[in-house]
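Each chain, written out:
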Amino acid sequence: MYNYIIGKVVGKTSNGLVVENNGIGYELGVSGNTLFDVDAGEIVKIYTYLYVREDEMSLYGFSREEEKRLFLRLIDISGIGPKMAMQILGGYDLRTLTVAIASGDVKTLCKIKGLGKKTAELIVLNLRDAAAEDVAGTDASGGGAIAGDDVADAVFALESLGISKTDAVRAVSEAKKEVSGAENIIAYCLKKLG
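Here's what I pulled together on the structure shown here.

Here is what the cut-offs are and how they apply
- Residues numbered from 1 in each chain as written.
- Predicted model: local features only at pLDDT ≥ 70, side-chain atom pairs only at ≥ 80, totals over all residues.
- Heavy atoms only, no water.
- Core = buried A, V, L, I, M, F, W, Y, C linked by side-chain atoms within 4.5 Å.
- Buried < 20%, exposed > 50% of the residue type's maximum accessible area, 1.4 Å probe, protein only.
- Helix = DSSP H or I, 4+ residues; strand = E, 2+ residues; numbered from the N terminus.
- Contact = heavy atoms within 4.5 Å.
- Salt bridge = Lys/Arg side-chain N within 4 Å of Asp/Glu carboxyl O.
- Pairing = 2+ DSSP bridges.

**Things to note about the nonpolar core**
- Among the nonpolar cores identified, the biggest contains 44 residues, and L74, L89, L97, L109 and I123 are the most heavily contacted of them.
- Considering every element that reaches this core, the biggest residue donor is helix α6 (residues 117–136), with 7 residues.
- Once you skip the residues sitting within four places of it in the chain, I123 turns out to touch L74, I77, I80, I88, I101, L115 and R128.
- Counting residues in each nonpolar core, the second largest holds 12 residues, with I5, L28, V30 and I46 among its members.

In structure tokens:
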């Protein structure tokens, strides 16, 4: 119903914001990442999701579209509601969370408060491919992607050699910390995977 709201942050709590627009104060449930991204008194653009049930109406807000997209994917999983999804989103920065899901790192996911092993495994099972595509993407805006054509090219090359997308993303994520340039990343990955 609402895609985003542009307004002034007039209040902050440990898990929410109040954004004023045209004399109306919108109370939004937000993750720790969004809280960190905005300051009181600042004019912001917050992407929103209106959650409606017969006994509840809640408005959730996100400082970045990538965070909203992951939130929507999470609440599509049976057993994960908006509050749990916000808890998950606040567990790590968006990039770390996306890489953990893409690489099947259940151990890292289980470190999020309130997230058990079975739910973490369910998240990986349902979102692994989508997260791998986000990680391998070329969006350099700092959202869900690692950044750059070199990373996307390296993942594509490894896939062409018969390596699964998930393994390719995991290897490239590690290689990117050590080397740069598509050729160097590919060589590093082949050495590690070989």
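This is not the end of the story, as more comes after the structure.
**A closer look at the pattern of salt bridges**
- Summed over all chains, the structure comprises 2 salt bridges.
- Of the charged contacts, one joins D37 and R64 as a salt bridge, the two residues approaching to 3.5 Å between their closest N and O atoms. Of this pair, D37 sits in helix α1 (residues 32–37) while R64 sits in the loop between β5 (56–62) and α2 (65–75), and the two are 27 residues apart along the sequence.
- Among the residues examined, D37 registers a relative accessible area of 34% and is labelled partly exposed.
- In this structure R64 comes out as partly exposed when scored by relative accessible area, which is 23%.

**Here's the deal with the pairing of strand β4 (residues 43–53)**
- Relative to β4, strand β1 (residues 4–12) runs antiparallel, the two sharing 5 bridges. Within β4, the position partnered with I6 by the bridge is K45.
- Counted between consecutive antiparallel strands, the loop separating β4 from β5 contains 2 residues.

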